[in-house]
Amino acid sequence: MMTLGCPKNRVDSEVMLGTLKQRGYSLVQDPAAAQVIVVNTCAFIGPAKQESVDSILEMAEFKKSGACSTLVVTGCLSQRYGAELSKEMPEVDHFLGTGAYAQIGDLLAAEASPRQVIPDPDYIHDAKTPRENSMPSYTAYLKISEGCDNACAFCIIPTLRGGQRSRPIADIVAEAQRLSEQGVQELNLVAQDLTAYGHDLPGKPKLHDLLRELVKVDVRWIRLHYAYPRVFTDELIELMATEKKIAKYLDMPLQHASDKLLLSMKRGRDSKFLKELLTKLRARVPGLVMRTSMIVGMPGETEEDFEMLKEFVKEQRFERLGVFQYSDEEGTAAYDYENKVPKQTIERRWREVMAIQKRINREQNKKLVGQRIEVLVEGPSEESEHLLVGRHEGQAPEIDGLVYINDGLAYPGEFVTVEVTEAHDYDLIAKVVERPNPKDRVHKPRESFPMPVVPSAR
């Protein structure tokens, strides 16, 4: 199973793993030994599409040199280009769209099954759907809704994933409870638009209503990802400030600071609103770690607009920042916009913003030297067997920096207290100063599934 793109795609892959496990399949680490290879693709922007195509062609070679008899391509690339891919890639046996991944077991079991299964995207799994967590046993993603009702001018996701489909609160809590029983201590909530949760359900529950129930589950951290700023209630802010289980971490894509660009992006809010919301969040949730994403090179972005963006980044001093280079995607409103920005200009602007943020990261990390913080230990470092790695509350899995532990003993899945001894641009160095009694460990470590995942920059 090869998964590309965002954590929401990873959850879809985990559903496929659970479905296939029920059918008697087992997962192998070496694609050369696999009889069935599944590539779950991303098609959000141009580079992601190219990476998906390259991965499909790479895996297709195992039909010649390995044990592979069936190659399946799923996800956003199939949904968007299924008909074209079917003609151009005869080596692929099946293409499944974003609403058909749960059908993979039936597809492979049928003697004669269609080559393309690409319905309109309207499916979302529930707590009863088989799923195998591919993350280490102490952490998991929890998808609370699928699809999106926004119409951002640069984004193709509503076309690929369909409209908003929220899961009922009781169903989400049931899955969270099952994950907790499996040893999960960190729940990472994901959706296309987290703060839009519930508006499509009877009674229109809000995200804070869901969180009030989720905090009753026996986990340590609940982390919020993709929380759009358009609707951010005072009740949600208050819950973040007062509930210990909700990590003081917020992933909120803002995209720009120029009112002209925010309007052309169809983001629904202006820069004044965004700045006031950020001020309120900082004031009411002390210690909040903010992650956001920006886009440079949107059609019509002038140097003046870009200077506004840079000043905004300098002023707000986000703890985490990802920057997209605008990708001209057919099927989006922005594709038809005039005044396209040259690629070299987009790349220059990207480098300038990232350089600003790198300095901010370094300065913020240096302030942590000498402080004691709680860290979730992940295990030995890939760089050296003499180092452990972990993450503090302000570091999300896969996308943020790490805490490298070079002094002290700890086990994967443990929460330990460390003292920060060094700071780098994105990572910290620390030593263990306190760890739990062995008999108080929350669970026995388990190795994660060896499922390659290439996370997007978001």
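Residues numbered from 1 in each chain as written. Predicted model: local features only at pLDDT ≥ 70, side-chain atom pairs only at ≥ 80, totals over all residues. Heavy atoms only, no water.

Regarding the sheet that holds strand β6 (residues 139-143)
Argument step 1. The sheet built from six strands is open, its strands ordered β6-β9-β10-β11-β12-β13 with parallel pairing. Each having just a single partner strand, β6 and β13 (320-325) make up the two edges of the open sheet. Across the sheet, the mean angle from the axis of one strand to that of its neighbour is 20 degrees, orientation sign disregarded.
Argument step 2. Relative to strand β9 (residues 186-190), β6 is paired through five bridges, and the arrangement is parallel. (Pairing = 2+ DSSP bridges. Helix = DSSP H or I, 4+ residues; strand = E, 2+ residues; numbered from the N terminus. Axes fitted to C-alpha atoms, helices over the stretch in contact; angles between N-to-C directions.)

Comments concerning the packing of aromatic side chains
Argument step 1. Using the criterion set out here, one finds four aromatic pairs in the structure.
Argument step 2. When the centroid spacing of 5.6 Å and the interplanar angle of 75 degrees are considered together, the rings of F44 and F324 count as edge-to-face. Placement of the pair is F44 in the loop between β2 (36-41) and α2 (46-60) and F324 in strand β13, with a sequence separation of 280 residues.
Argument step 3. Accessibility expressed as a relative area gives 11% for F324, which makes it buried.
Argument step 4. With a centroid separation of 5.5 Å and 80 degrees between ring planes, the pair formed by Y101 and Y123 is classed as edge-to-face. Here Y101 is found in the loop between β4 (94-96) and α5 (104-109), whereas its partner Y123 is found in the loop between β5 (116-117) and β6, with 22 residues between them in sequence.
Argument step 5. What makes Y101 buried here is its relative accessible area of 2%.
Argument step 6. Using a relative accessible area of 24% as the deciding quantity, one classes Y123 as partly exposed.
Argument step 7. In this structure, K8 packs its charged tip against the face of Y226, placed 3.5 Å from the ring centre.
Argument step 8. Directly above the ring of Y249 sits R223, whose terminal nitrogen or CZ lies 4.8 Å from the centroid. (Phe/Tyr/Trp six-rings, centres within 6.5 Å; stacked < 30°, edge-to-face > 60°. Buried < 20%, exposed > 50% of the residue type's maximum accessible area, 1.4 Å probe, protein only. Lys NZ or Arg CZ within 6 Å of the ring centre and 35° of its normal.)

Re helix α4 (residues 76-88)
Since there are 3.6 residues in each turn of an α-helix, residues three or four apart along the chain are aligned in direction.
Argument step 1. Compared with the 18 Å implied by 1.5 Å per residue over 13 residues, the 17 Å span of α4 between its first and last C-alpha is a close match.
Argument step 2. At G82, α4 shows its maximal bend, which comes to roughly 90 degrees.
Argument step 3. Looking only at α4, the buried set comprises C76, L77, S78, Q79, R80, G82, L85 and S86.
Argument step 4. On its buried face, α4 sits against β2, α2, β3 (70-75), β4, β5 and α6 (157-161). (Expected span 1.5 Å × (residues − 1). Bend = angle between axes of the 7 residues up to and from the residue. Contact = heavy atoms within 4.5 Å.)

With respect to the UniProt feature "domain: Radical SAM core" (unreviewed entry) in the chain
Argument step 1. Feature annotation in UniProt assigns "domain: Radical SAM core" (unreviewed entry) to the following positions: residues 134-363.
Argument step 2. The span residues 134-363 carries 40% helix and 17% strand; its end-to-end C-alpha distance comes to 35 Å. (UniProt positions renumbered as here; feature names shortened; annotations may be inferred.)

A short note on the sheet that holds strand β14 (residues 372-380)
Argument step 1. The strand order β14-β15-β16-β18-β17 describes a closed barrel built from five strands, whose pairing is mixed. Across the sheet, the mean angle from the axis of one strand to that of its neighbour is 55 degrees, orientation sign disregarded.
Argument step 2. Where β14 meets strand β17 (residues 415-423), five bridges bridge the pair, whose relative direction is antiparallel. Paired with V375 across the bridge in β17 is V416.

Details of the nonpolar core
Argument step 1. Ranked by size, the top nonpolar core spans 57 residues in total, and within it I144, L189, L211, L214, F232, M240 and L250 carry the most contacts.
Argument step 2. Ranked by residue count, the leading element in this core is helix α13 (residues 343-366), at five residues.
Argument step 3. Counting 21 residues, the second largest nonpolar core, distinct from the first, contains I56, M59, F62 and V92. (Core = buried A, V, L, I, M, F, W, Y, C linked by side-chain atoms within 4.5 Å.)

Let's talk about the packing of helix α9 (residues 234-242) against helix α11 (residues 271-284)
Argument step 1. Closest axis-to-axis distance for the α9/α11 pair is 9 Å, and the angle between their directions is 30 degrees. The angle between α9 and α11 falls in the class roughly parallel. Crossing angle aside, the handedness with which α9 passes α11 is right-handed. Of α11, the residues touching α9 (which contributes D234, I237, E238 and A241) are L277, K280, L281 and R284.
Argument step 2. Its residues placed into classes, the contact of α9 with α11 shows four nonpolar, no polar and four charged. (Parallel < 35°, antiparallel > 145°, perpendicular 65-115°, else oblique. Left-handed = near helix turned anticlockwise from the far one by under 90°. Nonpolar A, V, L, I, M, F, W, Y, C, P; charged D, E, K, R; others polar.)

Some words on helix α7 (residues 169-181)
Argument step 1. Helix length check: α7, at 13 residues, gives a terminal C-alpha distance of 18 Å against a target of 18 Å (1.5 Å per residue), a fit within 8%.
Argument step 2. Downstream of α7 by one or two residues, G183 has phi in the positive range, about 110 degrees.

Brief notes about unusual backbone geometry
Argument step 1. For K204, which is not glycine, the phi dihedral falls at a positive 50 degrees.
Argument step 2. Inspection of the secondary structure puts K204 in the loop between β9 and α8 (207-214).
Argument step 3. Given the relative accessible area of 51%, K204 is considered exposed.
Argument step 4. The backbone phi angle of R317 is positive, close to 50 degrees, even though this residue is not glycine.
Argument step 5. Checked against the element boundaries, R317 lands in the loop between α12 (303-316) and β13.

With respect to the state of the cysteines
By definition, a disulfide links two cysteine residues through a covalent bond between their sulfur atoms.
Argument step 1. Scanning all chains against the criterion turns up zero disulfides.
Argument step 2. C42 supplies the cysteine sulfur nearest to C6, a cysteine that is in no disulfide, at a spacing of 6.4 Å.
Argument step 3. Relative accessible area serves as the criterion here: at 16%, C6 is assigned to the buried category.
Argument step 4. Lacking any disulfide linkage, C152 is separated from the closest cysteine sulfur, that of C155, by 6.1 Å. (Disulfide = S-S within 2.5 Å.)

Some words on the pairing of strand β10 (residues 221-224)
Across a regular strand the side chains alternate sides, sitting on one face of the sheet and then on the other.
Argument step 1. Side chains of β10 alternate between two faces, with W221 and R223 and I222 and L224 buried alike.
Argument step 2. Inspection of the sheet shows β9 paired to β10 by four bridges, in the parallel sense. Each bridged residue has a counterpart across the sheet, and for N188 the counterpart in β10 is R223.
Argument step 3. Handedness of the β9-α8-β10 crossover: right-handed. (Right-handed = clockwise from strand over helix to strand, strands pointing away.)

What about the UniProt feature "domain: TRAM" (unreviewed entry) in the chain?
Argument step 1. What UniProt calls "domain: TRAM" (unreviewed entry) maps, in this numbering, to residues 366-434.
Argument step 2. The annotated region residues 366-434 carries 1% helix and 51% strand content, and the separation between its end C-alpha atoms amounts to 22 Å.

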